Amino acid sequence: MIVLAIGAHPDDELYAGGLLAKYAEEGHDVYILLSTRGEGGPMGDPPIGGRAELAEFRGREAQAAARALGARDVLFLPFQDPVRNTDGTLYPINATREEFSAAIADVLGSLRPDAVITHGSGGEYGHPQHLFTHAAVFAALQALRPWHPREVLTWEAAYPEAGTDRKVNPDDPADIVIDVTPWLSKKLAGYRAHRTQYPAFFSAARGETLEHVVERDRIESYHRWPQEEHSNGIM
């Protein structure tokens, strides 16, 4: 089975880190597609260097995280992650939906994955690039009909025990809830690979270790999108 996880930035693959590690351990071919190299994100604490160096550095971090999870390869689309505004406002990439979905469709058409895993309909915490990626993935799937993957899942689906976690997509009810404790060490290694993102990882967990941060992510939840919704594009 070929599994393709599609994220907006390096480290977004960690939303599905446990499931990806499980698939890889079972012998499936896991690939990660990232729409940017995260050029606009945090630069580490202390910073790893100038903003101009961040794309290369985060690309290497993504490759190291993929190795930790057991993925075969990381693929990058040629789009640039915009720097957030001084007031903290986040932006989607500077591309039309048609350009963005066509680039994703090229990868889908080449790999023909059996399973696709991507951002939820609420963009986790409403990140505009997560939302844009979610919409573009489904537009790409529609463009490729009649071919379609056997399974399309989105992460951070809602289930009662998740409560009011800000990452949960409230309109995506969970069809799969999995305790990824058997693969948590690999997920932790994936987190450790993304050193520039430590300020973000610890933003709501001051004084905690990375192990504590990852332990809170040991339950992963996914919404399964019916095939008729793939074909209708949903967005």
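Here's a quick rundown of the structure. Predicted model, so just to flag it, every value in this text is computed and none were measured.

Section: helix H2 (residues 54-69)
Move 1: In this model H2 runs 22 Å from its N-terminal to its C-terminal C-alpha over 16 residues, within 8% of the 22 Å that 1.5 Å per residue would give.
Move 2: For H2, the full list of buried residues reads Leu54, Ala55, Arg58, Gly59, Glu61, Ala62, Ala65, Ala66 and Leu69. The buried residues of H2 occupy an angular sector of 160 degrees when projected down its axis, which confines them to one face. Counted as exposed and oriented over 90 degrees from the buried face of H2: Glu56 and Arg67.

Looking at the sheet that holds strand S8 (residues 176-179)
Move 1: As summarised here, the arrangement of the seven strands in space is S3-S2-S1-S4-S5-S9-S8, forming an open sheet in which the pairing is mixed. Looking along the sheet, the strands with just one partner apiece sit at the ends: strand S3 (73-76) and S8. Taking each pair of neighbouring strands and ignoring which way they run, the sheet shows an average axis angle of 25 degrees.
Move 2: Each of strand S1 (2-7), strand S2 (29-34), S3 and strand S4 (115-118) is contacted by helix H3 (residues 97-111), which is oriented at about 170 degrees to S1, the strand it contacts most.

Side note on the packing of H3 against helix H5 (residues 128-143)
Move 1: Interhelical geometry of H3 versus H5 gives an angle of 60 degrees and a closest axis separation of 8 Å. In terms of orientation, H3 and H5 fall into the oblique class. Relative to H5, the crossing made by H3 is right-handed. Along its contact with H3, which presents Arg97, Phe100, Ser101, Ile104, Ala105 and Leu108, the element H5 presents Gln129, Phe132, Thr133, Ala135, Ala136, Val137, Ala139, Ala140 and Leu141.
Move 2: Looking at the contact of H3 with H5, its residues break down into 11 nonpolar, three polar and one charged.

Rules used throughout
Residues take numbers from 1 onward in each chain, read along the sequence in its written order. Only residues with pLDDT of at least 70 are given local features in this predicted model, and only at 80 or more are side-chain atom pairs given and counted; all residues enter the totals for whole chains, interfaces and linings. Hydrogens and water molecules were not included; the side-chain quantities draw on all heavy atoms of the structure. Here a helix means four or more residues in a row that DSSP labels H or I, a strand means two or more in a row labelled E, and each is numbered from the N terminus. Each helix should span, by expectation, one fewer than its residue count multiplied by 1.5 Å. Remark: exposure states derive from per-residue accessible area (1.4 Å probe, protein chains only) relative to the maximum for the residue type, with buried under 20%, exposed over 50%, and partly exposed in between. Regarding the arc, it is the one traced by the directions from the helix axis to the C-beta atoms. Between any two strands, pairing holds if DSSP finds at least two bridges. All axes are obtained by fitting lines to C-alpha atoms, using only the stretch in contact for helices, and the reported angles, taken between N-to-C directions, cover 0 to 180 degrees. Contacts were defined at the residue level, with two residues in contact if any of their heavy atoms lie within 4.5 Å. Comment on the angle field: the value is read as roughly parallel under 35 degrees, roughly antiparallel over 145, roughly perpendicular from 65 to 115, and oblique elsewhere. By definition, any crossing whose near helix is turned counterclockwise from its far helix by less than a right angle is left-handed, and any crossing with a clockwise turn is right-handed. When residues are sorted by character, Ala, Val, Leu, Ile, Met, Phe, Trp, Tyr, Cys and Pro go into the nonpolar class, Asp, Glu, Lys and Arg into the charged class, and all the rest, Gly among them, into the polar class.

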